[in-house]
Amino acid sequence: MIRATLKSLMARKLRLVLSGLAVVLGVMFVSGSFVLTDTLDRSFNALFSSVYTGVDAQVSVKPKTGDNGGGDPTDAAATLPESTVDKVKAVSGVKAATGDVTGSARPIGKNGKVMTTSGAPRFGDAWGEDLSGQRVLREGRAPTADNEVVLGGFLAKSGGFAVGDDIAVLTSLPKETFKVVGVYGYQGGRDSLGGELSMSFAPRTAHRVLLGEPDTVSTITVQAADGVSQDVLRDRIVDAVGADYQVKTGAELAKAQTDSIGEGLKFFNYILLGFAGIALFVGTFIIFNTFSIIVAQRTKELALMRAMGASRKQMMTSVVLEALVIGVIASVVGLAAGVGVGALLASLFATFGGGSLQLASIGLPAAAVISSFAVGILVTMAASVFPAVRASRIAPVAAMREAATPDRPLTKPTVAGAVLSAAGGTLLGFGLGNGVLWMVFSGILLAFLGVALLTPLISKPVVAVIGGLLSWSMPGTLGRRNSARNPRRTAITAAALMVGIALITGVSIVLTSATASITKVADTQISADLIIGGDNGSFAPEVLDKVKSTPGVESAFGFQGDTALVDGKRQYLLAATDYPAMQRLFGLKAVEGSFGAVTGRTVAVGEDTARERNLHVGSTMTVQLAKGEQQTYAVAVVYAKNGVMEGVQIASAAAADFTRPQVSDAYAKVAGGTAVADVQKRVEGLFADNPEVTVQDRSAYVKEQAAQLDTVLLMVQILLALAILIAVLGVINTLALSVIERTRELGLLRAIGMRRSQVMRMITVESVVISVFGALLGLLVGSGLGVATVKALKDEGITELGFPWTQMGTYLAVAAAVGVVAAILPAIRAARLNVLNAISYE
């Protein structure tokens, strides 16, 4: 029986390829995600180990608002007295210690725009002793004058700067121009350690532009004497400097950075695995459909085996064994393809990250191997269970029948579909309402399965309507009837396409609704005419005062922000520079107290936050800012729920104790009768030296926010395209097997005069009907998912429901095009059938 199964499988190689291809693509995604994250994890581990070579300990001020992980040269919240360096040098076991002066420094390119990275830091430091011994001056000399700077090799190369050029730089101070007097690199001929944009100033200049205060340092880097371990050195330094300082070993610093990157990679891995799961879920429909068709086609063959003595167990084993072989082969191919995809994505990551990340060798982690075979084999075998059971129930007498596959009642699948749909909807609603992710995903899964089981019930009438639009000729009419001939087969094939279309439609509705909500808030609540800010732009509060005094500006206010501990919990805290102006421009309503009372040690609190924490005007909370001691603040106003602000906002006087008391964004109201464009030009002139800051009118601001959501949608569409590709393979597979099944029928049609072109049109109509049916199902289910999600997110600010009609129409058109493409190979195969051989086909 095993030999017969394997021979049957090898005799139908096309079926083997088409069945396994869906699993190959899913497994490729699974293994590729593990290979990618493993490669990047080892690469970053090596990178940070290299960064902290020669660093046995590092001393910094203990953050008052909680540890940020350490290691980022732009993260230091407070500085140390330079005298602390001498104290550290005096510790037993210290070979060398140097004070580091580091801070944010953003270079401006020759095109006048601020240069950016793909996540790597942009910083400056003071040129001096390098304990790691990695930095090497390649060209020119060290900076000595206030207006001199040396550039990292990657910055010089990517910006096109050379010794003798001028470069403009943004620091904590307004834009300044420096003369490039040198270029440095790193051991091994590297331009950078990890794609960072770095530069070094003369020590006195670095203190001025990076720290803003003399006789201080950001951190102290320490090297241990021979025979002294990092842990012992750390403990000795802690005893010497006291509890106000934080001392970490080089190994701890490298681990903190690696762990931080690892968390981001883990999230990325989850996304890839999620889309792999979708691909495999879609593949399950295809495999199930394939084996169902195969069992139906082999009814006579299987019945003859039963007549010759094969048991039901052997019949079931035959089908499951065939699935096992397909699963193993697909897993091996998918694993190999995944290694290639993982290597390609890692290479792209390194390239777009600046090209300076030295990738570790491509490995094959155990998780990739185990998950590939586990997923590939389990998916194929699970999908074959029901067809295997059906095969075992074929009676020996079926060998004597011409038509051994009569339609079965749809009662059981309909009832099961209704139950699963109801259970899925309940789980989805409860999960969205309570923020329980596993319930959300489980609900979606059950809903898809339920709809797939209900689809055969509506298949005939819907297909009849769709096909009617294409039945203007005899081939079109036959194609419509063929697609309605087997409702189960058509339904399962369409359901595979439904999943991808439904998910894309659901996401599109949520993002369209978010855009509509942003637009409504901007139109009805925010009365500011100009929005000042940028992704990384910030400016001094004094510049905001100039904005207020600009002719044509009626009022303006800005936000300053920093991380703080509020009642012991770490959160990001905003301070408005003018609370009455904020109330007017944001349309806020005070429920208790008044916005004018938010001064000194007071805060404003949103209504929801006040209810959660049982706060009222006069209630107190403890606040620890980046600088100074912990203080008690009182609630001065509780404001009504709105679509703009929520949480806790602190009085503007507190911003003096922020890490960087810069204004991150501001809002201005133009006086009546004054042209907004004219005032915008005047305000833009105030930021001529700060290209990071943009001044936009309200409509441009809304478009920018919507564009960010469009980027998210594009990424989702690209990733879900894999699921749609697999669904296309399913349509091809179904049609190809259907052509084989109907070989004799096609031969008879050709014998009575049907031309080859008519045969091809008939197959194409059948394919288009199935694809459009699947797309309509996807649009319907996706709309339900999208609407449910929008309703659940009402309290999160998505208050408007919007439907992307143009995109939904595009999805439907794409589905029709997919049907045409999917029909090409099966239609050509059908048209090329030899008439005499087809008529005699058994």
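Residues numbered from 1 in each chain as written. Predicted model: local features only at pLDDT ≥ 70, side-chain atom pairs only at ≥ 80, totals over all residues. Heavy atoms only, no water.

1. Observations concerning the overall build of the protein chain
Regarding its fold elements, the protein chain presents 23 helices and 24 strands. Principal-axis analysis of the C-alpha atoms gives the protein chain an extent of 100 × 70 × 50 Å. The buried share of the protein chain, reckoned over its 842 residues, is 49%. Taking the intrachain contacts of the protein chain between residues at least 6 apart in sequence as the baseline, contacts between residues at least 24 apart amount to 81%. In the form shown here, the protein chain has an accessible surface area of approximately 37,000 Å², with 60% of it arising from carbon and sulfur atoms. (Helix = DSSP H or I, 4+ residues; strand = E, 2+ residues; numbered from the N terminus. Buried < 20%, exposed > 50% of the residue type's maximum accessible area, 1.4 Å probe, protein only. Contact = heavy atoms within 4.5 Å. Areas by Shrake-Rupley, 256 points an atom, 1.4 Å probe, with all protein chains shown as cover.)

2. With respect to the environment of Ile-278
Turning to its location among the elements, Ile-278 is positioned in helix H7 (residues 250–297). Placed 217 residues apart in sequence, Ile-278 and Val-61 show a C-alpha to C-alpha distance of 47 Å. Among residues more than four places away in sequence, those in contact with Ile-278 are Val-499, Leu-503, Leu-720 and Ala-723.

3. Considerations on the nonpolar core
Ranked by internal contacts, the top residues of the largest apolar core, which has 101 residues, are Phe-285, Phe-448, Met-498, Val-499 and Ile-726. Top contributing element to this core by residue count: H7, with 17 residues. Discounting chain neighbours no more than four positions away, the residues touching Ile-726 are Ala-22, Leu-25, Ala-279, Val-282, Gly-283 and Ile-286. (Core = buried A, V, L, I, M, F, W, Y, C linked by side-chain atoms within 4.5 Å.)

4. Description of the packing of aromatic side chains
Here the structure, examined in full by the defined rule, presents 12 aromatic pairs. Between Phe-557 and Phe-586, the ring centres sit 5.3 Å apart and the planes meet at 80 degrees, which makes this aromatic pair edge-to-face. Of the two residues, Phe-557 sits in strand E16 (residues 553–566) while Phe-586 sits in helix H16 (residues 579–586), which places them 29 residues apart along the sequence. Three or more aromatic residues joined by ring pairs make a cluster, and in this case those are Phe-557, Phe-559, Phe-586 and Tyr-667. (Phe/Tyr/Trp six-rings, centres within 6.5 Å; stacked < 30°, edge-to-face > 60°.)

5. Concerning the pairing of strand E15 (residues 530–533)
The alternating pattern of E15 places Leu-530 and Ile-532 and Ile-531 and Gly-533 on opposite faces, both of which are buried. Direction of pairing for E15 relative to strand E23 (residues 665–670): antiparallel, over a ladder of three bridges. Looking at the pairing, Ile-531 lines up with Tyr-667 of E23. In this structure, E15 lies alongside strand E24 (residues 694–697), joined through four bridges in antiparallel fashion. Bridging from a neighbouring strand, Leu-530 pairs with Asp-697 of E24. (Pairing = 2+ DSSP bridges.)

6. So, the pairing of E23
As defined by bridge partners, E16 adjoins E23 across six bridges and the pair is classed as antiparallel. Each residue of the ladder has a partner; that of Ala-556, found in E23, is Ala-668.

7. Points about the pattern of salt bridges
Side-chain pairing between opposite charges can occur once the charged atoms of the two side chains come close. On inspection of all chains with the given rule, the structure shows 22 salt bridges. One salt bridge connects Arg-208 with Glu-176, and the closest N-O pair in it is separated by 2.9 Å. Of this pair, Arg-208 sits in helix H5 (residues 203–211) while Glu-176 is found in strand E10 (residues 176–186), placing the two residues 32 residues apart along the sequence. A relative accessible area of 22% places Glu-176 in the partly exposed class. Among the charged side chains, a salt-bridge network with shared partners connects Asp-231, Arg-234, Asp-235 and Glu-252. (Salt bridge = Lys/Arg side-chain N within 4 Å of Asp/Glu carboxyl O.)

8. Looking at H16
Turning to H16, its buried residues are Tyr-579, Ala-581, Met-582, Leu-585 and Phe-586. For H16, the angular spread of buried residues about the axis comes to 155 degrees, placing them on one side. Taken together, the buried residues of H16 touch E16, strand E17 (569–576), strand E19 (602–606), strand E22 (648–650) and E23. If you check the start of H16, you find a side-chain oxygen 3.1 Å away from the backbone N of Ala-581, and it comes from Asp-578. (Arc of directions from axis to C-beta. Polar contact = N/O pair within 3.5 Å; in protein donor to acceptor, adjacent residues only side chain to side chain.)

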